[in-house]
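These are the residues of each chain, in order.
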Amino acid sequence: MSGRGQALNLRDNGLNVIIGQRKGRSYDQAVEEGWVPGKNLFSIEEACDKGTVVMNLLSDAAQKQLWSTVKPYLTKGKTLYFSHGFSVVYKEDTGIVPPSDVDVILAAPKGSGFTVRRLFQQGRGINSSFAVFQDASGQAKERAIALGVGIGSGYLYETTFEKEVYSDLTGERGILMGAIQGAFQAQYEVLRSRGHSPSEAFNETVEEATQSLYPLIGEKGMDWMYSNCSTTAQRGALDWWKPFYEATKPVFEQLYTSRTTVRD
C-alpha cells in the first residue's frame, strides 16, 4: 500500500512515474487506477531498468527475497529510495548492500500507505522523515527532500537510516499499535469481568477514545483535550498518569533494546 499511495501522489504532482508490479490483484488494481501496461506499468525488472530513481517500496520480507532481482539494475548514477531503512540497517540478515556508486536515500511517511494517499487527496499531506545513507552524486540530500515533497509531505525532518528504523520499530510495537491494543484489551476485560455489558465496555474503552478524545489531541494537543474534559476526568488523569508511566516505561525500554528482531 505504501507503493500505491506514493506512486499516485507523485503522478498527481506531475512527476514522470513508472511502476513495477507482479501480476495479480495489485497489478489489476494498478490498471484500474490508470496505469497503462507497456507505458508506465511494467514488470519489476523492466521498471528497475528504466527508472533513474528506484523506489523500493516492497515489504521488508519481499525486499530481501527480491534483492537479487533488483540489484543488477542499480547502475552508476541511479538513486535507490526506501521508505524504511530496515533492509539496509540489518544487512547481515537481509543481504541488502547497495552498490557504492548510487545514492541511497529514504523518505519515511509517518503513517500507512492508505493515510499517505487520503491526506494528499484532502490537501493536507503527511509528515515524513528523510535521510541519506549514501551520497554518491553529491545531491542525495536534495533528492530525498524533493521526493519527500513529491509524495505529499509538507513537513520533513532529518534523521538517519538507523534512527528511523529504531524509532519506527519502537513506535509501531509500542504506542502506535502494540501498547494501544494491549491497553484496550486489558481495560475491556476488567470491565467485562465486573459485569459491564459488551457495549458499555467497548464504548468506554475504544469508542470514546478514538471518536472523541484522540481526535481532539490530534487537532489541538493533549493540554487542550484536558481542558475540554470534565473536571472529574482531569482529576482522574492527573492522579493516574504516573502509575501508567511507571508501569510502561520498563516495557518500552525492553522494547527498544529488542529492536534487532528481523521481521519476516
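Residues numbered from 1 in each chain as written. Predicted model: local features only at pLDDT ≥ 70, side-chain atom pairs only at ≥ 80, totals over all residues. Heavy atoms only, no water.

With an unreviewed UniProt entry as reference, the protein chain is termed Acetohydroxy-acid reductoisomerase, source organism Basidiobolus ranarum. Under the UniProt heading Cofactor (unreviewed entry), the note attached to the protein chain is "Mg(2+)". The record held by UniProt for the protein chain lists under Sequence similarities (unreviewed entry) the comment "Belongs to the ketol-acid reductoisomerase family." (UniProt positions renumbered as here; feature names shortened; annotations may be inferred.)

Caption draft 1: Structural view of the packing of aromatic side chains. Applying the stated rule across the entire model yields six aromatic pairs. Aromatic pair Phe133 and Phe161: ring centres 5.2 Å apart, planes at 50°, arrangement tilted. Taken together, the residues Phe133 in strand S6 (residues 128-134) and Phe161 in helix H9 (residues 161-173) connect sequence positions 28 residues apart. The exposure class assigned to Phe133 is partly exposed, which follows from its relative accessible area of 34%. Phe161 sits in the buried class, given a relative accessible area of 1%. (Phe/Tyr/Trp six-rings, centres within 6.5 Å; stacked < 30°, edge-to-face > 60°. Helix = DSSP H or I, 4+ residues; strand = E, 2+ residues; numbered from the N terminus. Buried < 20%, exposed > 50% of the residue type's maximum accessible area, 1.4 Å probe, protein only.)

Caption draft 2: Focus on the sheet that holds strand S3 (residues 53-55). Here we have five strands laid out as an open sheet, ordered S3-S4-S5-S6-S7, and mixed in their pairing. Looking along the sheet, the strands with just one partner apiece sit at the ends: S3 and strand S7 (156-158). Each neighbouring strand pair of the sheet contributes to a mean axis angle of 25°, computed without reference to strand direction. Here four bridges tie strand S4 (residues 79-82) to strand S5 (residues 103-109), and the two strands are oriented parallel to one another. In the sheet register, Tyr81 faces S5, and the bridge partner there is Ile105. (Pairing = 2+ DSSP bridges. Axes fitted to C-alpha atoms, helices over the stretch in contact; angles between N-to-C directions.)

Caption draft 3: The environment of Thr94, seen in detail. With respect to the helices and strands, the residue Thr94 is situated in helix H6 (residues 91-94). Separated by 79 residues in sequence, Thr94 and Leu15 place their C-alpha atoms 31 Å apart.

Caption draft 4: How the structure looks around the UniProt feature "binding site: Mg(2+) 2" (unreviewed entry) in the protein chain. UniProt feature "binding site: Mg(2+) 2" (unreviewed entry): in the numbering of this structure it lies at Asp168, Glu204 and Glu208. Their sequence span is 41 residues, while the largest C-alpha to C-alpha distance among them is 29.0 Å; these annotated residues do not converge on one region. Filtering the just-named annotated residues for those lining the largest pocket gives Glu204 and Glu208. By secondary structure assignment, the location of Glu204 is in helix H11 (residues 198-220). Taking the relative accessible area as the measure of exposure, Glu204 reaches 47% and is therefore partly exposed. Among residues more than four places away in sequence, those in contact with Glu204 are Gln187 and Leu191. Among the structural elements, Glu208 can be located in helix H11. (1 Å grid on protein atoms, 1.4 Å probe; cavity = no way out; pocket = protein on both sides within 12 Å on 5 of 7 lines; lining within 4 Å. Contact = heavy atoms within 4.5 Å.)

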